[in-house]
Amino acid sequence: MVKRETHILSIIIAVAFTVVSDLLNAEGKGTVQQKNHLKMTLQEVIETAREQSSSALVAKHNFLADYWQYRSYKAQFMPSLNLTASLGQYNRSLVALQNSETGEIDYIANDNLRNSLSLSIDQNIAATGGSISVTTNLNRLDQFSSSENIIYNSQPINLYYSQPIMAFNTLKWEKVIEPKKYESAKRAYLASMEEINTTVTSLFFNVLAAQMALEMAEKNYSSTELASK
């Protein structure tokens, strides 16, 4: 708490800094030269502390981290479009083939290039913890032989459903706790801002009281000097 007040006090101290500077630079017989003063209202000091103090910045960054975690949780329940590709799979090798009639094994040169693309729409299901996917695939095989064949293989629509068996349903659990964690993060952020307001207000009036006491001391000092002449 002391550290928090120290950071906020550095902003408010500018209100009284010029008064102290005037006393240190006094010239003549008790005459104080007028300098340029930084004047801030209570509302301006509060707004400055809420925007620039280290306590406010820490609170904002903590809330932003919780906010993006909540957004990531929400994104799990939205459909996702995924594109995967496997390109340039070149294979040059010798493949052993056995003759079914004679049993002899011959080695045949294998020289080909494979490319494939897959597009899918995936949707998580919170109630069961599973996921459903609709995919389409396109494959191309280039055979570098004397005939140089090019073969295409396509699967227009595939429907898949994946369901973990005897596994913990994390989606269902997150649907219960994540909104509460986000609500708790919002309340913590608002509480931090209110604490900054309270601390700034208290320090502001402490500085104001010190400034008034300083002005009274100046007047008493001037009066004492005049009386001693």
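Keep in mind the model is a prediction, meaning the values are calculated, not measured.

(A) Region of the structure containing the sheet that holds strand S2 (residues 105–124). The four strands are arranged S1-S2-S3-S4 in an open sheet whose pairing can be described as antiparallel. The open sheet has two free edges, formed respectively by strand S1 (80–98) and strand S4 (150–162), since each of these has just one partner strand. Going across the sheet, the axis of each strand differs from the next one's by a mean of 20 degrees, ignoring polarity. Across 17 bridges, S1 lies against S2 in antiparallel orientation. In the strand pairing of S2, Tyr-90 is matched with Leu-113.

(B) A look at the nonpolar core. Counting residues in hydrophobic clusters, the biggest one holds ten residues: Met-40, Val-45, Ile-46, Ala-49, Ala-56, Ala-59, Met-193, Ile-196, Val-200 and Phe-204. Secondary structure elements with two or more residues in this core: helix H3 (42–52), helix H4 (54–75) and helix H5 (170–228). Among the nonpolar cores identified, the runner-up in size contains five residues, and Phe-63, Tyr-70, Tyr-182 and Ala-185 belong to it.

(C) Examining H4 more closely. Here H4 contains 22 residues, and its C-alpha end-to-end distance of 32 Å stays within 8% of the 32 Å for a straight helix at 1.5 Å per residue. Within the sequence span of H4, burial applies to Ser-55, Ala-56, Ala-59, Phe-63, Tyr-70 and Tyr-73. An end-on view of H4 places all buried positions within 110 degrees of arc, on one side of the element. In this structure, H4 carries His-61 and Trp-68 as exposed residues pointing more than 90 degrees from its buried face.

(D) Structural detail: the environment of Phe-77. On the secondary structure map, Phe-77 appears in the loop between H4 and S1. When its relative accessible area of 21% is taken as the criterion, Phe-77 is described as partly exposed. The spatial distance from the C-alpha of Phe-77 to the C-alpha of Gln-123 is 7.0 Å, given a sequence separation of 46 residues. Beyond its immediate chain neighbours, meaning those up to four positions away, Phe-77 contacts Gln-123, Ala-126, Leu-171 and Lys-175.

(E) Expanded view of the packing of aromatic side chains. Summed over all chains, the structure comprises nine aromatic pairs. Measuring from ring centre to ring centre gives 6.2 Å for Tyr-90 and Phe-144, while their planes differ by 45 degrees; the resulting arrangement is tilted. Linking Tyr-90 in strand S1 with Phe-144 in the loop between strand S3 (131–143) and S4, this pair joins segments that are 54 residues apart in sequence. The exposure class of Tyr-90 is partly exposed, given its relative accessible area of 48%. Judged by relative accessible area, Phe-144 falls into the partly exposed class, the value being 41%. With a centroid separation of 5.5 Å and an interplanar angle of 90 degrees, the aromatic rings of Phe-204 and Phe-205 are classed as edge-to-face. Exposure remark for Phe-204: the relative accessible area of 11% places this residue in the buried category.

(F) Fine view of the side chain of Asn-112. Looking at the element boundaries, Asn-112 is found in strand S2. Using a relative accessible area of 5% as the deciding quantity, one classes Asn-112 as buried. Apart from residues lying up to four places away in sequence, Asn-112 is in contact with Gln-89, Tyr-90, Asn-91, Leu-141, Asp-142, Gln-143 and Phe-144.

(G) Here's a closer look at the packing of H4 against H5. At a closest axis distance of 10 Å, the pairing of H4 and H5 adopts a crossing angle of 165 degrees. Comparing the axis directions of H4 and H5 gives the class roughly antiparallel. For the crossing formed where H4 meets H5, the hand is left-handed. Across the interface between the two elements, Ser-55, Ala-56, Ala-59, Lys-60, Phe-63, Asp-66, Tyr-67, Gln-69, Tyr-70 and Tyr-73 of H4 pack against Glu-174, Lys-175, Glu-178, Pro-179, Lys-181, Tyr-182, Ala-185, Lys-186, Tyr-189, Ser-192, Met-193 and Ile-196 of H5. Split by residue class, the contact of H4 with H5 holds twelve nonpolar, three polar and seven charged.

(H) Here's a closer look at the environment of Leu-113. Within the secondary structure, Leu-113 sits in strand S2. For Leu-113, a relative accessible area of 23% gives the class partly exposed. Beyond its immediate stretch of four places on either side in the chain, Leu-113 contacts Gly-88, Gln-89, Tyr-90, Arg-140, Leu-141, Asp-142 and Phe-144.

Conventions we followed
- Residues numbered from 1 in each chain as written.
- Predicted model: local features only at pLDDT ≥ 70, side-chain atom pairs only at ≥ 80, totals over all residues.
- Heavy atoms only, no water.
- Pairing = 2+ DSSP bridges.
- Helix = DSSP H or I, 4+ residues; strand = E, 2+ residues; numbered from the N terminus.
- Axes fitted to C-alpha atoms, helices over the stretch in contact; angles between N-to-C directions.
- Core = buried A, V, L, I, M, F, W, Y, C linked by side-chain atoms within 4.5 Å.
- Buried < 20%, exposed > 50% of the residue type's maximum accessible area, 1.4 Å probe, protein only.
- Expected span 1.5 Å × (residues − 1).
- Arc of directions from axis to C-beta.
- Contact = heavy atoms within 4.5 Å.
- Phe/Tyr/Trp six-rings, centres within 6.5 Å; stacked < 30°, edge-to-face > 60°.
- Parallel < 35°, antiparallel > 145°, perpendicular 65-115°, else oblique.
- Left-handed = near helix turned anticlockwise from the far one by under 90°.
- Nonpolar A, V, L, I, M, F, W, Y, C, P; charged D, E, K, R; others polar.

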